[in-house]
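Residues per chain are reported as follows:
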Amino acid sequence: MSLPGTNLPSTVAALIPAAGSGSRLGQGPKAYVEVGALSLLGRSVAALAPYVGEVIVALPAGMELPPGLNARCIVGGPTRQASVHALLEATDARFVLIHDAARPFLPPEVIRAVLDAAQQYGAATAALPVADTLVAQQPDAQKPDAQQPDAPLWGALTPREGLWAVQTPQGFDRELLLRAHRQAVQDGIQATDDAGLVARLGLSVALVPGDARLFKVTTPGDLALARALAPVWDSR
Ligand code: C5P
């Protein structure tokens, strides 16, 4: 079977880590939070399902999938990395697409581009060139005594040229990503994404242009933004 817009066979699984506590949002497990009458998780599952043979979701222990989702679920781990590792062990698909449930607006063209690049390079991620000025906060020890103790101060500038902000989805040859996860466990490495685990093995990861609407819902401000965008997104 061909997938819409790609030449990949249906040996692709979408793996969604959704086992986070959502503590920064303060509304219970984040995957279940609703944005425009659909859960964050429901939006990701619906976006990915047409492009893969199977969707597998990692949930917090004791939780069930919201009704009506075209997916199966497993219990996640104590960290995102552990949840993805468990998801990788739960499928034998040739390629996997990893996507955070916390990013509800997933453009089809990004899914297709990441899948194509994963097939070509073995590892690929959606990412956006950094647009803002980047500055490190001054270490507290260097603050002059007269400064307000609570205000962070401007420290060293980091040139933004050539820097990308990494998003999901990320696509991989499953065996390659599994190897990267096993090596990370052996080396005691905890990473915030999967592409970084592949890159630390010295392997190439393709950067595929992502989308500003792929922002991650982390704080109450992000949730307000998502709720404002949902009606526009849903009327496309
Ligand atoms: O905490 P953060 O926003 O970085 O989490 C990114 C994604 O990883 C979320 O979709 C979250 O549900 C998931 N996660 C997980 N298992 C954990 C922690 C986070 O699946 N133990």
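A brief report on the enclosed structure follows. The residue numbering used here restarts from 1 in each chain and proceeds along that chain's sequence as written. Whole-chain, interface and lining totals are the exception, using all residues; otherwise, since this is a predicted model, local features are given only for residues with pLDDT of at least 70 and side-chain atom pairs are given and counted only at 80 or more. The basis for every side-chain value is the complete set of non-hydrogen atoms in the structure, without hydrogens or water.

Okay, the overall build of the protein chain next. Labels follow the DSSP assignment, with helices taken as runs of H or I lasting at least four residues and strands as runs of E lasting at least two, numbered in each case from the N terminus. Secondary structure assignment for the protein chain yields 6 helices and 11 strands. A compact globule built from 236 residues should have a C-alpha radius of gyration of about 18 Å, and the protein chain, at 19 Å, falls within 12% of that. Seen along its three principal axes, the alpha-carbon backbone of the protein chain occupies a region of about 65 × 40 × 35 Å. Counted over contacts in the protein chain with a minimum sequence separation of 6, partners at least 24 positions apart contribute 70%. Surface accessibility in these figures is a Shrake-Rupley result with a 1.4 Å probe; residues are shielded only by whichever protein chains are displayed. For the protein chain, the exposed area adds up to about 11,700 Å²; of that, 54% sits on carbon and sulfur atoms. Computed over 18 positive and 21 negative side-chain charges, the separation of the two mean positions in the protein chain equals 2 Å. Between the two quantities, the radius of gyration covers C-alpha atoms and the globule rule is 2.2 Å times the number of residues to the power 0.38. The criterion used for residue contact is that any of the two residues' heavy atoms lie within 4.5 Å. Counting rule for charge: Lys and Arg are taken as positive, Asp and Glu as negative, and neither His nor the chain ends is counted. Charged groups are reduced to one reference atom each: NZ for lysine, CZ for arginine, CG for aspartic acid, CD for glutamic acid.

So, about the pattern of salt bridges. Proximity of charged atoms lets side chains of opposite charge pair with each other. Whenever Lys or Arg places a side-chain nitrogen within 4 Å of a carboxyl oxygen from Asp or Glu, that contact is recorded as a salt bridge. Under the definition given, this model contains 9 salt bridges. In this structure, Asp194 and Arg80 form a salt bridge, with 3.0 Å as the shortest nitrogen-oxygen distance. Separated by 114 residues along the polypeptide, Asp194 in the loop between helix H4 (174-187) and helix H5 (195-199) and Arg80 in helix H2 (residues 80-89) bring together distant segments of the chain. Three exposure classes are used, based on accessible area relative to the maximum for each residue type with a 1.4 Å probe and protein chains only: buried under 20%, partly exposed in between, and exposed over 50%. With relative accessibility at 1%, the residue Asp194 sits in the buried group. Note that Arg174 and Glu175 form a salt bridge whose closest N and O atoms lie 3.5 Å from each other. One salt-bridge network, in which partners are shared between bridges, spans Arg80, Asp100 and Asp194.

A surface patch of nonpolar side chains, about 330 Å² in accessible area, is lined by Val135, Trp154 and Leu157. Topologically, Val135 is positioned in strand E8 (residues 134-137). Overall, Val135 belongs to the partly exposed group, its relative accessible area being 35%. A patch consists of residues whose relative accessible area exceeds 30% and which take part in no salt bridge; residues with like charges are grouped when within 9 Å of each other, and nonpolar side chains (Val, Leu, Ile, Met, Phe, Trp, Tyr) when within 5 Å.

What the 7 strands build is an open sheet, ordered E5-E4-E1-E6-E10-E7-E11; its pairing is mixed. In the strand order of this sheet, the two ends are held by strand E5 (72-75) and strand E11 (206-209), each with one partner. Strand-to-strand, the axes of this sheet are offset by a mean angle of 30°, without reference to chain direction. Throughout, an axis means a line fitted to C-alpha atoms (over the contacting stretch in the case of helices), and angles, computed between N-to-C directions, take values from 0 to 180 degrees. Together, strand E1 (12-17), strand E4 (54-59) and strand E6 (95-98) form the strand contacts of helix H1 (residues 40-48), whose direction differs from that of E1 by roughly 170°. Taken strand by strand, helix H3 (residues 108-121) contacts E1, E6, strand E7 (123-129), strand E10 (164-173) and E11, and its axis lies near 135° from that of E7. Any two strands are treated as partners once DSSP identifies two or more bridges connecting them.

Our focus in this paragraph is the site of the ligand. Lining the immediate surroundings of the ligand are 15 residues, of which Pro17, Ala19, Gly77, Ser83 and Lys216 lie closest. Between the ligand and Ala19 there is a distance of 2.9 Å, counted from an oxygen atom to a backbone nitrogen or oxygen. For this analysis, a polar contact is any N or O atom pair within 3.5 Å, provided that within protein one partner can donate a hydrogen and the other can accept it, and provided that sequence-adjacent residues contribute only side-chain to side-chain pairs. The backbone of Ala101 places a nitrogen or oxygen atom 3.2 Å from an oxygen atom of the ligand. Against a free-state accessible area of 460 Å², the protein chains account for coverage of 84% of the ligand. Classification used: nonpolar for Ala, Val, Leu, Ile, Met, Phe, Trp, Tyr, Cys and Pro, charged for Asp, Glu, Lys and Arg, polar for all others including Gly. Grouping the constituent residues of the shell around the ligand by class yields 6 nonpolar, 4 polar and 5 charged. Throughout, near means a residue has at least one heavy atom within 4 Å of the molecule or strand.

Remember, this is a structural readout, not a statement about activity or role.
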